[in-house]
Amino acid sequence: MTFAAATAASMAARAATTVAAGQHGFLSPTGVEIAFLLVGLLTFGAAVVTVTTKQLVHAALWLVVALGGLAVEYLLLTAEFIAWVQVLIYVGSVVVLLLFGLMLTKAPIGRSPDADSGNRWAALTVAVASAGALVWVVVDAFRTTWVDLGGAPAGSTEVTGASLFQNWVLPFEALSVLLLAALVGAIVLSRKAKADTAAGGTKATAPRVPGSRDGEQDKEGVR
Amino acid sequence: MAPIPGSGLAKGLAVTLRTMTKKTVTAQYPDVQPELPPRTRGVIALFEENCTVCMLCARECPDWCIYIDSHKETVPPAAPGGRERSRNVLDRFAIDFSLCMYCGICIEVCPFDALFWTPEFEYAETDIHELTHERDKLREWMWTVPAPPALDPGAEEPKEIAAARKTADKLAAEQAAEAERAAQAAGAGEAGRPDAPAAPPSGPQEGQS
Amino acid sequence: MNDALDVALRLLVVFVVFLTFPLIVGQTEHKVMAHMQGRLGPMYAGGFHGWAQLVADGVKFAQKEDVVPAGADRRIFQLAPAVALLPYLLVLLAIPIGPGEGAVGEVVDAGIFFVLAVMGVGVLGSLMAGWASANKFSLLGGLRTAAQLLAYELPMLLAAASVAMAAGTVSLPGIVDAFRWWWLPWQIVGAIVFFVAGLAELQRPPFDMPVADSEIIFGAYTEYTGLRFALFLLAEYAGIVVLCGLTTVLFLGGWHGPWGADGLGWVWTLLKAAILAFVVIWLRVTYPRLREDQLQKLSWTLLVPLSLAQIALTGIVKVVIA
């Protein structure tokens, strides 16, 4: 899970930096662009450390840095709403859930030599391939389109909300149905576990709590 | 009668809020002296004039914390031709308050009222040796001994006062009778002074000597 | 240059508020808690009723040795207090105390999201502390912190969403501007849910299982000493300030007062926040600590349904009056 998320983060970061570089060139970089690039590099670095470090909890914390860096990138692109939702959902909830899981299971202080899976090369291939695909798609789609960040806010809450509920209502609803299904699934699974343990102590309810919450939380965030 | 849900919570809040408006019970000791009950057992004082070195206190002390030294002196006869008396003179009287357990047996047992409780309690020391209070220090504590609490309104008179009064009354009656006799003897109309049985010696010390 | 000066001034003011208000709340807690228990509380430091007690505490903390356990993950252990404290400083920036641009550190468009998001980050500090201490009690405290955060962030968000729906904006000044007095009864359930969930997120009694001293010593903060420990404490009290400010702004109408005193709006905000802070202390004195399962049950079976009902009610009323 860590690996996948981190890979996604690193890809996004890489894609973002590439776009910024490709858009405007380096002829007259503004302060925002320089900041964007630097934060992008930082995010990328954090993402790489996330997937390479041998210390499990450190990986989760580096993931926080990477996700936070992404939020800053969104902010620099004036997509304020998305940025805060990113922090709220990913840093505030997903990483906490991740850390919770790590602490519940196995989180030794120091290096875990067995933290490496044998799929390193496969993972790298997938990461590079998907990053390449993303970069190519984004670059190809926008090419020389110039978004004026100084003009009317394109990423404010109002604009985001309007486009979400006007142009993208159907996907939005489909997504919430999906999340609802996940929620129901989580409840059903935990019910079954409860029936198995018969007595139904706290053990049975414990897994349901983070699980069901995760679903609801995501749904709320999207909304 | 099912209580309204949350009424217990509200009751709890009310309790704390009410307590907040009440006066606090904190003892602000070094700033404000505590109000001690009568007969507080703080430290033991010695009224050495009353001590006859009978050693009862030292012997009864469960902790053996009373040290008494004395020597004998001969007193010349009070009346010519009388016999010489010997008398104990106190040389040292000390109480080690690091051993004392404040049982008060010494005070109970003293037949001559030489030991008293005082409510003073601030005599902590940094050196344990200084907790052994010598004679002069014990005498100093005597000044802090409070007057005994008054008796209840309807209580029986203290024995020594009753005894003193009895003697005084007897004396007065005798005097009155004598005066009457004298008046009768004088015969004349000189009215005898009707002196009431005023107040011949009536002190608590009456019973002792 | 005027802009820079303006920004610097605002930052300075927010920083001063950040440093003083938690201390004021802390001192009030000392005194109120004492009197609620029939005591006097601190009486000596500073002369007058012990007003400088927390300053003295701060000096004491600064003098203590900064111990890092041998088995601990050194860097994360040392970083955790900052992670716990800084988010509250950021949140304070966005809380408006009066109408207009002048009375808020920085107007944030998606204010509610900003505030809740950043407050959630603060809990990471406790998690890091709990894990990095290399202590089983700390780890338990960290786990409890995480479980509590997961359980209570949802009702908090939902309650905030309800008021945002009512106002039709997610900006904090915008919400207060849209406030009318009848919102109070309308949003009361949301307000209570928000406040209770906020208390739980701050780990204040009666929701202080993560630091339950009778069970797990001091939870995630067991191994901390000196200034770092003081920073955690400061974070808790800064959290109270933030929570009270937020509840005031979201549900109690911020600077709106019954007599509409113009120019004195900030007094109203501060007054309401102060009353809420008193309630926080009051609750702490009154109620015993919940058990871990009671805590989860309270959130999932009571607060979440209540907040969902509040959202439904908000929606219905909104449609009716539209």
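Residues numbered from 1 in each chain as written. Chains lettered and ligands numbered in written order. Predicted model: local features only at pLDDT ≥ 70, side-chain atom pairs only at ≥ 80, totals over all residues. Heavy atoms only, no water.

Quick look at the overall build of chain B
Then comes step 1: Each helix and strand counted, chain B has five helices and five strands in total.
Then comes step 2: Written out in order from the N terminus, the α and β elements of chain B read α-β-α-β-β-α-β-β-α-α.
Then comes step 3: Put simply, of all contacts in chain B between residues at least 6 apart along the chain, 73% involve residues at least 24 apart.
Then comes step 4: Accessible area of chain B: about 15,500 Å², with a carbon and sulfur share of 57%. (Helix = DSSP H or I, 4+ residues; strand = E, 2+ residues; numbered from the N terminus. Contact = heavy atoms within 4.5 Å. Areas by Shrake-Rupley, 256 points an atom, 1.4 Å probe, with all protein chains shown as cover.)

Here we look at a nonpolar patch on the surface
Then comes step 1: Nonpolar side chains collect at one region of the surface, where Trp-181, Trp-182, Ile-316, Val-320 and Ile-321 of chain C lie side by side and expose about 600 Å² of accessible area between them.
Then comes step 2: Its place among the elements puts Trp-181 of chain C in the loop between helix 6 (172-178) and helix 7 (183-186). (Patch = residues over 30% accessible without salt bridge, like charges linked within 9 Å, V, L, I, M, F, W, Y side chains within 5 Å. Salt bridge = Lys/Arg side-chain N within 4 Å of Asp/Glu carboxyl O.)

Description of the UniProt feature "binding site: [4Fe-4S] cluster 2" (unreviewed entry) in chain B
Residue and element names in this part refer to chain B.
Then comes step 1: As annotated by UniProt and renumbered to match this structure, "binding site: [4Fe-4S] cluster 2" (unreviewed entry) occupies Cys-61, Cys-100, Cys-103 and Cys-106. The annotated residues occupy 46 residues of the chain but converge on a single region, no pair of C-alpha atoms lying more than 10.6 Å apart.
Then comes step 2: Positionally, Cys-103 belongs in the loop between strand 3 (85-96) and helix 3 (105-109).
Then comes step 3: You can call Cys-103 partly exposed: its relative accessible area is 27%. (UniProt positions renumbered as here; feature names shortened; annotations may be inferred. Buried < 20%, exposed > 50% of the residue type's maximum accessible area, 1.4 Å probe, protein only.)

Overview of the interface of chain A and chain C
Interfaces are frequently sized by the accessible area removed from exposure as the parts join.
Then comes step 1: Listed as interface residues are 34 residues of chain A and, on the opposing side, 36 residues of chain C.
Then comes step 2: The contact between chain A and chain C buries some 3,000 Å² in all, and 78% of this surface belongs to carbon and sulfur atoms.
Then comes step 3: For the pair chain A and chain C, the interface holds zero salt bridges.
Then comes step 4: Where chain A meets chain C, there are two residue pairs in polar contact (both at pLDDT 80 or more).
Then comes step 5: Listing elements by their share of the side of chain A that touches chain C, those giving two or more residues are helix 3 (56-76), helix 4 (80-105) and helix 8 (202-222) of chain A.
Then comes step 6: Per-element accounting of the side of chain A that touches chain C gives the leading share, 16 residues, to helix 4 of chain A. (Buried area = accessible area lost by both parts, 1.4 Å probe. Polar contact = N/O pair within 3.5 Å; in protein donor to acceptor, adjacent residues only side chain to side chain.)

Things to note about the interface of chain C and chain B
Then comes step 1: Taken residue by residue, the interface counts 15 residues in chain C and 14 residues in chain B.
Then comes step 2: Taken over both partners, the interface formed by chain C and chain B buries close to 1,200 Å², and the fraction arising from carbon and sulfur atoms is 67%.
Then comes step 3: If you sort the residues of chain C by the area they bury against chain B, Leu-40, Trp-282 and Tyr-287 of chain C come out on top, with a joint share of 38%.
Then comes step 4: Where chain C touches chain B, the interface holds zero salt bridges.
Then comes step 5: Inspection of the chain C/chain B interface yields seven residue pairs in polar contact (both at pLDDT 80 or more).
Then comes step 6: Going through the elements one at a time, helix 1 (2-36) and helix 11 (265-286) of chain C are the ones with two or more residues in the side of chain C that touches chain B.
Then comes step 7: Sort the elements by how many residues they give to the side of chain C that touches chain B and helix 11 of chain C lands first, with five residues.

Details of the UniProt feature "transmembrane region" (unreviewed entry) in chain C
Residue and element names in this part refer to chain C.
Then comes step 1: UniProt annotation of "transmembrane region" (unreviewed entry) refers to residues 7-26, 79-98, 110-133, 154-175, 181-200, 229-253, 265-286 and 298-321 when read in the numbering used here.
Then comes step 2: Its end C-alpha atoms 35 Å apart, residues 229-253 is made of 92% helix and 0% strand.
Then comes step 3: In residues 265-286, the share of helix is 100% and the share of strand is 0%. The end C-alpha atoms are 32 Å apart.

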